[in-house]
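Residue-level structural notes
Listed here are the chains, written in short residue letters.
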Amino acid sequence: MNKQLSPNELKQKIIEFLKEHKEGSLATCMNSIPRSSPVQYFLGDELNIYIPSAGGEKFNAIKQNPNVCLLVNTEYINYRKIKGVQIFGRATTSLDNEHLFEEASRYCPEPWLINSERNRLNIIKIVPTEIVYLDSSKDGDRTKQILKQDQVLIKEDRTPAMV
């Protein structure tokens, strides 16, 4: 098993990983039908995630069911060689809260984009309830460290490692 991290150490690993990437897959669910949408994101305070988007069914899904999951990961080599973060949380959108434009522009690396494209863009904000961190890229150890309510939970993989 990878060394169990403290809550602050795990937060730092998650922040570093999320800042190294800018694309992910946003999972939503509407009428019991799941869907996954490719998105670009940026990080705000408290590990909040902001996603600028022109629209799509994900907004209707979030209105019906605000529970979402954002997956950000490295290239998938195989199930033993991957690093990633799953962010489970509750989403709100600028369709219901126009203040999200100002909030998002404070964290966006290109705030001019949000301000100049405001009439064509919407914002999704995800407030995390649980974040799963996995780094099996070096030794194949698939132990997940889960950040939930400022505590670290461990979920060990029971799949035997290949020798």
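Residues numbered from 1 in each chain as written. Predicted model: local features only at pLDDT ≥ 70, side-chain atom pairs only at ≥ 80, totals over all residues. Heavy atoms only, no water.

1. Considerations on the overall build of the protein
The condition is simple: Per the convention used, a helix needs a DSSP run of H or I reaching at least four residues, while a strand needs a run of E reaching at least two, with both numbered from the N terminus. Radius of gyration here is computed from C-alpha atoms only, and the compact-globule reference equals 2.2 Å multiplied by the residue count raised to the power 0.38. Buried residues are those whose accessible area, probed at 1.4 Å on protein chains only, stays under 20% of the maximum for their type, while exposed residues exceed 50% and partly exposed ones sit between those limits. By definition in these notes, contact holds between two residues if any of their heavy atoms fall within 4.5 Å. Here the accessible surface of atoms and residues is derived via Shrake-Rupley with a 1.4 Å probe, and residues count as covered only by protein chains that are part of the display.
A tally of helices and strands in the protein yields four helices and nine strands. Along the chain direction, N to C, the helices and strands of the protein fall in the order α-β-β-β-β-α-β-β-α-α-β-β-β. Against the 2.2 N^0.38 benchmark of 15 Å for 163 residues, the protein shows a C-alpha radius of gyration of 17 Å, consistent with a compact globule. Taking the principal axes of the C-alpha coordinates as reference, the protein spans close to 55 × 35 × 30 Å. Buried residues in the protein amount to 40% of all 163 residues. Sequence separation of at least 24 residues holds for 61% of the intrachain contacts in the protein that already meet a minimum separation of 6. If you sum the accessible surface of the protein, you get close to 9,600 Å²; carbon and sulfur atoms cover 49% of it.

2. Some thoughts on the nonpolar core
One recurring pattern in soluble globular proteins is that nonpolar side chains are buried together. Using the following cut-off: Among buried residues, the Ala, Val, Leu, Ile, Met, Phe, Trp, Tyr and Cys ones that are joined through side-chain atoms within 4.5 Å form a nonpolar core.
One finds Ile-14, Leu-18, Ile-49, Leu-70 and Ile-126 to be the most contacted residues of the largest nonpolar core, which totals 26 residues. Of all the elements in the fold, those that place two or more residues in this core are α1 (7-20), β4 (49-53), α2 (57-64), β5 (67-73), β6 (83-93) and β7 (122-135). Here Leu-18 is in contact with Tyr-41, Leu-43, Ile-49, Val-72, Val-85 and Ile-87, once residues within four sequence places are set aside. Of all hydrophobic cores here, the second largest spans eight residues; its members include Phe-42, Tyr-50, Leu-100 and Ile-114.

3. Some thoughts on the layout of surface pockets
Applicable threshold: For each structure, a 1 Å grid was placed over the protein atoms alone; sets of points admitting a 1.4 Å probe that cannot get out are labelled cavities, open sets with protein on both sides within 12 Å along at least five of seven lines are labelled pockets, and lining residues have an atom within 4 Å of a point. Grid points are joined across faces, edges and corners, and a volume is the space filled by probe spheres set on the points.
In this model, the largest pocket occupies a volume close to 300 Å³. Along its surface, the largest pocket is lined by 17 residues, and Lys-11, Glu-46, Leu-47, Leu-147 and Asp-150 are the ones closest to its centre. Listing elements by their share of the lining of the largest pocket, those giving two or more residues are α1, β7 and β8 (144-148). Looking at the lining of the largest pocket element by element, the count peaks at five residues for β7.

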